[in-house]
Each structure stands twice: as C-alpha cells, then as structure tokens.
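Next come the chains, spelled out residue by residue.
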Amino acid sequence: MLIGIDVGGTTTDAVVVDGNMVVKTAYVPTDHDNLLKCLLLALDELVQDIDTGKIERVVLSTTLITNMIAEGKTDPVALVLIPGPGTNPRDYTLGESIILDGAIDFRGKEIDRLKESQIKEAAFKIKAQGLSRVAVVGKFCQRNHSHELKVAEILAFALPGVKIEMGHKVSGQLNFPRRAATTMLTAATKDRYEQFALDMAAALRERKISAPVYILKADGGTLPLDKSVQMPVETIFSGPAASIMGVLALTEPGQSCVVVDIGGTTTDLALILSGKPLLSAKGARVGSLLTHVRAFAVKSVAIGGDSTVAVSGGCLSVGPKRNGPPLCMGGTLPTPTDALRVLGLTKIGDAAKAEKAMQIVAEGLGCTAKEAAQKVVDAVVDKIVFEVNEMFREWEQEPAYRIWEIMKRELLSARSVVGVGGGAPPLVPLVAGRLGIAAIVPEYASVANAIGAAVARPTLTLNLHIDTEKGEFSVAEEGLTGRVSDQKMTPEDAERLARRLLAERAVRLGISEYAGEAEVTYSEVFNMIRGWSTVGRLLDVRMEILAGLLPSWGRC
Amino acid sequence: MSSKGKSGKTGLIFFPAFDWAISPTHPEREERLLYTRDQIFEEGLMDLPQIAEYKPRLAEKKDVARAHFCVPDVESQVTKAHLIAAGSTLTLADALEKGEIRNGFALVRPPGHHSMRVVHGNRGFCNINNMAILVEYLRTNYGHKRIAVIDTDVHHGDGTQDIFWHDPDVLCLSFHQDGHTLYPGSGFVNEMGGPQALARTLNIPLPPGTTDEGIHYVLDNLILPILDEFKPDLILNSAGQDNHYTDPLANMRFSANGYARLSEKLAPDLCVLEGGYAVETALPYVNTGIIQAMAGLDYSHVKEPDYVPGRFVQTGGMVREIEHTVAQVQKIWEQRDELVKDALEGLGDFYRRKRRIFYDTDMINENQEEVVRLCPDCAGYMTISTSAERGYGILNSAFCVSIPRSACSSCRDDAKEEYEEHVDDKRIGYVLMQDKDKDRFKFYDNS
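### Remarks on the overall build of chain A
Here is step 1 of the chain: Secondary structure assignment for chain A yields 15 helices and 27 strands.
Here is step 2 of the chain: Taken over 556 residues, chain A has a buried fraction of 51%.
Here is step 3 of the chain: For chain A, the share of sequence-separated contacts (at least 6 apart) that also reach a separation of at least 24 residues comes to 63%.

Laid out in structure tokens, this is it:
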C-alpha cells in the first residue's frame, strides 16, 4: 500500500493506494502554523483501520518551504560572491552581498587570484553582523571549484560553528545569479527543514510506520526525506507538481493535454506533451528570486470559484481578489460559484442565495440574474482560455539555439483539457468547448494531488561536462570532478560515463532501483580548434530520470 | 533616430548555429559562439529586466530576393542556418516596430556583410547579407526611407556597399583595417557610391594596430557628426568583433570596453553580428559588453583577463594617418551634393560599370556588367549581366533586372522589356527579375 499526502492551501488531502486502486481518502483543513500536526492528523485518519505493516511507502508534498519564504521566516544568510569580470553584481537583485576578487573563466581556468586578506576581512564582517550561515558562490565555479573551496576553508577556520554552502554543490548549470539565489535559499531553509524532517521521522516511528518516507519535488519526482535535507529548496511548489502527477496517473498514457486545476482563489495551468509534463525552460521563480530549481512550467492565474465579482460603470470584472466564501455558501459577495449555481452547473450551496448574488450583479449590468450569471461564467472561461493560449504561445516562442530545434517545434496541440480541483467539474467542459477539444474530469479529480504524490517515482538529473584538452570532467550537481584520458572521446563515451555516474549518484540518494530508467535528454560535442588543428573536445551530457509513475500503478 | 533616449527593453536573439560550419576546422565553425554562450548565460543576462530574449524565425525566400539576385535561385544558395540568421534580424525588426523593444541585437551566425547583390556562392564566409535583407525588409514593410548602416567589422563591408551603391537613402559607412593589408582588399576613401549616391558610401581605412583611441577618434569626429546631419530614420550596426586585439585574422588593437563604449555612443536601433574569430579571448567579453551597453547596464566590469588600460598606444604616425583619413572623408561628405551634380552632368542616360568579383571561400570568379538608368523621375531601373567561372568551366550565367521602389512608368516598361528580351536567350542561363515596387520576384530558367 502506498500513502500520498498533499498539504494544500486550504485542505490537506490524503489517499491510500493499493496497486491501481484508491482504497481510502481523507481530508483535513490545513493548519499553516503547524504543518507537521495537520500532516499527522491526515495520516492518523487514513491509517485508523489499516495495518501499518502493509504500508510500503509514504510520500509527502508540503508547503513548508513555500510558506517559510513567503512569510519571511527563513534564516539570515551572508552572501559572499566571487563575480569576476562581466556584469556589475549590483545589477542583480540578490540583496546585500560581500564581493571578493578572484575569477574563473568559462573553461575553468583561473584568470584572477583570490586575495586572502580580503577573505579574512569578509569573515570579520560576517562575525560583526552576527550571521551564522554563509553562501559562497563564484562565477564559473562549477567548472573549477578551487575558489569556492578555498574561501569556505578560510571562513570555516575564522568562523567556527558557521554553516557554509557552496554554489557548485547546489547547482552546476550556467547562470551565476540563479546559482547564488539557490545557494542562499538553501542556506536559509536548511536548518528548519532538517528539524521538520527529524520530527516527521520521529512521529512515524511512534506510529510504528517503518515504510520509507519520501518528499515530492517541484519536478514531480520523489526523494527520500532524509536525503532531501541537502536540497530543501527542491521541495518548493510540490503542490502543483502533485496535481500534474495526479493527472498523469488518472489519464491515458502518452497523451498531450492541458491541465487545469481550478481552486477557490487561483487556477493553475500546466501542459503535458506526449505524456511528459512540460518543465519550465529555466528554474523556478521563488518570491523575488530566480533559481535553478527544476520545476514544471505552471502558470498561476488569479481566478477561481471564490473570486470577487464586481460591476463598475456597467463593466463586469472577475478577480483577481478573493472575498471569502461564495454568497450561496454563507459569504457576503457574489462569486463565480454563485453564477454556476444559478445556471444549474453545480449543486453546491443555496439556490436562493445564489440567485440573490446574481441579482446584485444583474442590477449593475441592467439584465436578468440568469443573464448576469452567464456573463460571469463567460468571463471566467474567457480568462482561462486566454491564458491557456498564452501558455502555448510562450512555449512555442521559447528560444532555441540549433537549427533542428527551430525546425522541429511544429505546432503541437493538446487533445484534451483535464480538470482537477474543486472548481473543475462545471468549468472545464466550457473551457474545453471553447478550445474545441475534449474535456476530461477524472474520477478522484478532487484528490488527484494526493494520488500524484502516492504514485510518483523518483527523478534525478546529472549534468556532465568534459574538457578533453584539460583531461577533466565535472558533474554539475554535486561538485564531483575527475580525469579523462581519451582525447577523442565520442558523445557515446560521454553518455556511458554519465550513466555510470548517475547510477552512483542514485545509490547515494537511496533511489538506485530507478537508475535504469535514466535517459539522455541533452548531448552536445564541440571540437576545439586552435590554429587549424583539433586540440580537444568539449562534451556536455544531461542524463535524467524524468517524472513518471511507479510501475505498480498500472491503471491505464 | 537612434535608440538613445528611448525606453523599453533590449531585444536579443542568440542563434549560435551549433550545428552548422563551413568546414570542421574553418574559423566559421560550430565552436565560434560556444564560449560566448557560456559567458552570457552564466552572467544571467537573459534574466535581467532590461533584456528580452526572442526566438529566431526563418527568413522567407522573398526576404532574400529583395536584397539579392541568387543564381540560379535562393534555394541553391542558402541553408536553413542562413535563413535563420537572416530571419533573426527580421524578428527583431518587427519587435522594434511594434514598440516591444527600444533596440535589438541579433547575435547570430553565419555572418553576411561580404555577400553582394549577385550571389553565386560563399564570399568571405558569407552567402547572404543579413544586414541588407534587414534594410530592405524595414523599407518594404515599415516604409522607412533613410537608413544608416555603420559597419564596425575589421573587414571592409564590401557586400553591403555593393548592394546600396546606387542608393542615396542608405548611408553605408564602414571603418576597417586598411585594404592594403587585409581581406577583401577594398574599402578605400575613393569608393564613394554610384553617381546618384556619391558620398552615401563612405569608407574609413585604418592602419593596422589602431587602438580604442583611434576608433573613438573616428567615431567622435566623423561618424557621429555625419549621422547628425544625415538624420536617418534608423541606425543599424554591422557589429563585427574582429577589431579586437586578439583576433587571429586581423591586426587591430580594439578592446571589449572600446566596443561597449562604441555601442553606447552610436546607440544603434538594431545590431547584427558579423565576424570575430577570437572565440575564447574576445567574443565572450565583447558580446557581454555590447549587450550591456545596448541595455543601458554598467559595462565597466567587463574586461579581458589580460587587458590593462593603456596597454596599447598608437604611434604618432598612426595618429596623423587616422586624422588625415578622417579629414578626407569629412571633405567628401561636405561636398556630397556637388559631387552628385558634377557626376551626373558628365554622364548620359545610363551609367555602366564592369567588374570582376572573386569568391574566396568557393573559388569562383564572376564577371559582371551593371547598367543603371540615370532617370530624372525615379531611382532608375538596373540590369546586371553576370557569369561565374570555377576552374575552367562556366558555373552559371544570368541576366538580372531590378525595378526600384516608386519606379516611373517609363523605367518600369523598359525594365520589363529587358526581361522579356532575355527570356529564352540560350546564351544566358537564367533571367531574374526583382520588382521592389510591387515586391514580386521572378526566376526564369532558359534551359
């Protein structure tokens, strides 16, 4: 049996899945001040009459990191940058930072030395500010770790007990400001996240649940809870990821569809193309910071069942604010839910109150209550349809750097709209109708998120960079480096090396049984020519275990 | 108008054509923009609010035919990579005209400024002229009349010069390393344009070893004042990066900071990358600097690892030579109206020139005779007889007819007659017609 629990904005949803059957569901209201408590409440309700010995796996998706960042409850961090030549670091929106001399170039060559006295000064400054967490990030330090290591060593010696995170350990992808932001967020959330992980593990022991516990990441993959403390930021936005994995689990494999998750305040949109959820081209935006966190491309639109409906000067507007529950459910102001009730598209709430709500709107518009209801629903559908089309347009317009990428991206279109979330059943058929494609609202749509968490498999990414002229390779994700001796290494050789390194990394992360699922998602080779002869090759390989479902979930 | 003072983002298209090369070890190969990619991606430039990244598109056949006579046709002369590089400039032109961006930089390869009006093959690493295609597109689709093209590549922009040779509304200004010492061996002060457009082509040959100081002297004392007087609708920049002191194919002493300052002062509306082959030591830094300058960002932190200010100093002789050249070109510019008047007085109804053009990359020799009608009512139609040889055999021959925008009825009728006369003439391989007025293009195969 598999357990999936998704802590959402208003409710925490939980399911027990056995094979391809949903055995049990549970809902508890989310308590943002005590996520652990509401997770355990949901769990307790779920396992009341279940043999805990039969539980094979527990997967959690939490808003812990999202909330910490949104509420400013992260720990203060000293940011130490080694930017080298290029952009003035003040042009980045990273907040206050200490800037050090020293530089590494794109090939990993040292082009300017560190100044030890400057690092000691930095230590003095950090001490004076009373900070106990430091993020050290250098430009191109993923291609040569020496500067970050040296700075961390000197700081550790000068500041005993201070925790230091280094950029090359957090991400090896190109983009220095994103790496700086991600490293800073890692340092700022790690301690509290670790505490949560420890408390969770203890609570499960108390309940005699010995099954492995996983956490869901923004890319729809699971990671053992104890390993996830190394990369807490990866668990951000796991809610939308859970819903998308749920849709993947509840619909036919291999299809292309638009995922529409309609809640009270917002509607989340996502794309699944040929059975693969679309990842955002760059990392996720976390608050005001752009990061390297791999996440599904999710577009959040400020419209939902509880959005405020207002008429001003004969003009109707819906959202972006939410004003409590719909009038038909005890609220005070008209909402799209009231409109749906009047049109008979939903059975929830009180019909007379809904009528009254639409009467208010009708007065402003000079029409009947029913006509007003139709206009409100049209406005909501218009907005969602517009945003779905925008999302496709943006995807088509994503930059491409090779001829084949430009030629290949023909207009891929979705065959269906899949609705999940409370607001989906009445609205999704209307959205699909306007887009001229099929509407699907799967059974269990309301707990799709928890199902998604329960049956998601681990994901893993490994970026390998090889420079045969220097005889070196480096792995972006964990600061691993090594030697290569073959000057004429082929892309196939590089892919073999990547596969081996990925398997080793999978072991370290406790997900070795999935290493065989890894595929090459990007591979490039460049001959380095100096004068008129080849002096070496640069090879880059990205190998990934992409988001997917556990084999035991053989639903479709 | 230059982009100076305008608000909005800088549009950027980065198309490194990582799957296209002239040959595996050629300077124009896959690796050329690799380190530039690493640098600008690592800088996170695309994420900055001042910059908007665009996806390139393919130029259409028509976009190419508006600027070139491709023999025998467009398809035979271009690959997808060429169409994408050219199309990138058009995407940015649309964004500029729609007001989405204040200026734009097409950081693309393959380059184009050595491609002339007639194309039989690759010359100087170029098949089609991205800049000329952009100019013709802007004029046809957005009605711009006066455009200034400033070519800052180390090599003379002879292709662009050829295409706008007779056009008084396109100012083609190129500074470059003296043609006595570098490919393509042209671009001297006395190359000033056709009789109707004299001094709308201006060339500033500079001595090898010219530094930031020399190039900024030319910019401040010649180029910027001329632009003030020419008052173009748009300023476009053929932004080659091979004036850099580390370029393996040339001998100048320009720095990344010098390039960034140039971009800031010139404030072009659109920039198109041309050459630049110091793939590790120059391009990552020069491109970063140009992007920053165009976006109004601080570029003072961009510096080549081995550069120190004051590293290069010009000799007194070089300084005097540059000052002398600037004075000569200034004089030509000031006398532009008299030069045209005098030239036209000495000519009849037609102007002819015969030329031999060498295609270094493809080893082709072309013989050309160009005839322009000196029409009092319009720009005058043009015909070109061309034949290309490779080795001892004729490769292709063609007769080309061009009808200008706003052609008078007499030029239109005569041009049509010329076309009809050469159709089915077995001595000529192909007959091509470029009707810029109606934006229609014909290719006829005489065999």
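### Re the sheet that holds strand E13 (residues 382–390) of chain B
All names here are of chain B.
Here is step 1 of the chain: Pairing in this open sheet of six strands is mixed, and the strands run E11-E12-E13-E14-E15-E16 from one edge to the other. Unpaired on one side and paired on the other, strand E11 (350–359) and strand E16 (440–445) mark the two borders of the sheet. Taken pair by pair, the neighbouring strands of this sheet meet at an average axis angle of 15°, ignoring direction.
Here is step 2 of the chain: Where E13 meets strand E14 (residues 393–403), nine bridges bridge the pair, whose relative direction is antiparallel. If you follow glutamate 389 over to E14, its bridge partner there is isoleucine 394.
Here is step 3 of the chain: With respect to the sheet, helix H12 (residues 409–422) is in contact with strand E12 (364–373), E13, E14 and strand E15 (430–435), its orientation differing from that of E14 by roughly 155°.

### Overview of helix H6 (residues 176–206) of chain A
Residue and element names in this part refer to chain A.
Here is step 1 of the chain: Taking 1.5 Å per residue, 31 residues should reach 45 Å; H6 reaches 44 Å between its end C-alpha atoms and fits that length.
Here is step 2 of the chain: Its maximal kink placed at lysine 190, H6 deviates by approximately 45°.
Here is step 3 of the chain: Just past H6, the residue lysine 208 takes up positive phi, approximately 60°.

### Here we look at the environment of Asp486(A)
Here is step 1 of the chain: Of note, Asp486(A) is situated in the loop between strand E25 (480–483) and helix H15 (491–508).
Here is step 2 of the chain: The contacts of Asp486(A), once residues within four sequence positions are left out, are Thr468(A) and Asp493(A).

### What to know about the interface of chain A and chain B
Here is step 1 of the chain: Listed as interface residues are 33 residues of chain A and, on the opposing side, 37 residues of chain B.
Here is step 2 of the chain: Counting residues per element, the side of chain A that touches chain B draws most heavily on strand E26 (residues 519–530) of chain A, which supplies five residues.
Here is step 3 of the chain: Residue composition of the side of chain A that touches chain B, grouped by class: 20 nonpolar, six polar and seven charged.

### Brief notes about the pairing of E26(A)
Residues and elements named next belong to chain A.
Here is step 1 of the chain: Bridge count for E26 against strand E27 (residues 533–545) is eleven bridges, and the pairing is antiparallel. Within the sheet, the bridge partner assigned to glutamate 519 lies in E27 and is glutamate 544.
Here is step 2 of the chain: Between E26 and the antiparallel strand that follows it, E27, lie two residues; glycine 531 among them carries a positive phi value of about 70°.

### Some words on the domain arrangement of chain B
Here is step 1 of the chain: Along its sequence, chain B is carved into domain 1 (9–337) and domain 2 (349–445).
Here is step 2 of the chain: Looking at the side of domain 1 of chain B that touches domain 2 of chain B residue by residue, the classes come out as nine nonpolar, eight polar and four charged.

### A short note on the pairing of strand E23 (residues 460–467) of chain A
Residue and element names in this part refer to chain A.
Here is step 1 of the chain: Taken across its eight residues, E23 has seven buried, putting it largely inside the fold.
Here is step 2 of the chain: Taken together, the eight bridges between E23 and E27 define a ladder with antiparallel strand orientation. When the sheet's bridge partners are listed, asparagine 463 is paired in E27 with arginine 542.
Here is step 3 of the chain: Remark: four residues form the turn of the hairpin made by E23 and strand E24 (residues 472–475), two consecutive strands paired antiparallel; glycine 471 in that turn has positive phi of roughly 70°.

### Thoughts on the packing of helix H11 (residues 369–396) of chain A against helix H13 (residues 424–435) of chain A
All names here are of chain A.
Here is step 1 of the chain: Interaxial distance between H11 and H13 falls to 9 Å at its minimum, and their mutual angle equals 55°. As summarised for this structure, H11 and H13 are arranged oblique, according to the angle between their axes. Relative to H13, H11 is oriented so that their crossing is right-handed. Residues Val377, Val380, Val381, Ile384, Val385 and Val388 of H11 touch H13, and the partners they reach there are Leu427, Leu430, Val431, Arg434 and Leu435.
Here is step 2 of the chain: Grouping the constituent residues of the contact of H11 with H13 by class yields ten nonpolar, no polar and one charged.

### A word on the sheet that holds strand E3 (residues 21–29) of chain A
All names here are of chain A.
Here is step 1 of the chain: Read from one edge of the open sheet, six strands run E3-E2-E1-E4-E11-E12, paired in mixed fashion. The open sheet has two free edges, formed respectively by E3 and strand E12 (222–224), since each of these has just one partner strand. The average undirected angle you get between the axes of adjacent strands in this sheet is 20°.
Here is step 2 of the chain: Where strand E4 (residues 57–61) lies against strand E11 (residues 213–216), three bridges are found, and the strand directions are parallel. Along E11, the bridge assignment pairs valine 59 with tyrosine 214.
Here is step 3 of the chain: Across the sheet, helix H1 (residues 35–47) lies against strand E1 (2–7), strand E2 (11–18), E3 and E4, angled at about 140° from E3, the strand it touches most.
Here is step 4 of the chain: Contacts between helix H14 (residues 448–455) and the sheet are confined to E1, E2, E3, E4 and E11, with E1 contributing the most and set at about 130° to the helix.

### A word on the packing of helix H7 (residues 212–230) of chain B against helix H10 (residues 316–334) of chain B
All names here are of chain B.
Here is step 1 of the chain: One can describe the packing of H7 onto H10 by two numbers: an axis separation of 10 Å at closest approach and a directional angle of 10°. Taken together, the axis directions place H7 and H10 in an arrangement best described as roughly parallel. Touching Gly214, Tyr217, Val218, Asn221, Leu222 and Ile226 of H7 are Met318, Ile322, Val326, Val329, Gln330 and Trp333, all from H10.
Here is step 2 of the chain: Tallied by class, residues from the contact of H7 with H10 come to nine nonpolar, three polar and no charged.

### What about the domain arrangement of chain A?
Here is step 1 of the chain: Annotation of chain A at the domain level lists domain 1 (2–71 + 192–245), domain 2 (78–180), domain 3 (253–448) and domain 4 (460–545).
Here is step 2 of the chain: Measuring from the centre of the C-alpha atoms in domain 1 of chain A to the corresponding centre in domain 4 of chain A gives 34 Å.

Here is what the cut-offs are and how they apply
- Residues numbered from 1 in each chain as written.
- Chains lettered and ligands numbered in written order.
- Predicted model: local features only at pLDDT ≥ 70, side-chain atom pairs only at ≥ 80, totals over all residues.
- Helix = DSSP H or I, 4+ residues; strand = E, 2+ residues; numbered from the N terminus.
- Buried ≥ 20, exposed ≤ 12 C-beta atoms within 10 Å, placed from the backbone.
- Contact = placed C-beta atoms within 7 Å.
- Pairing = 2+ DSSP bridges.
- Axes fitted to C-alpha atoms, helices over the stretch in contact; angles between N-to-C directions.
- Expected span 1.5 Å × (residues − 1).
- Bend = angle between axes of the 7 residues up to and from the residue.
- Nonpolar A, V, L, I, M, F, W, Y, C, P; charged D, E, K, R; others polar.
- Domains from an automatic or database assignment.
- Parallel < 35°, antiparallel > 145°, perpendicular 65-115°, else oblique.
- Left-handed = near helix turned anticlockwise from the far one by under 90°.

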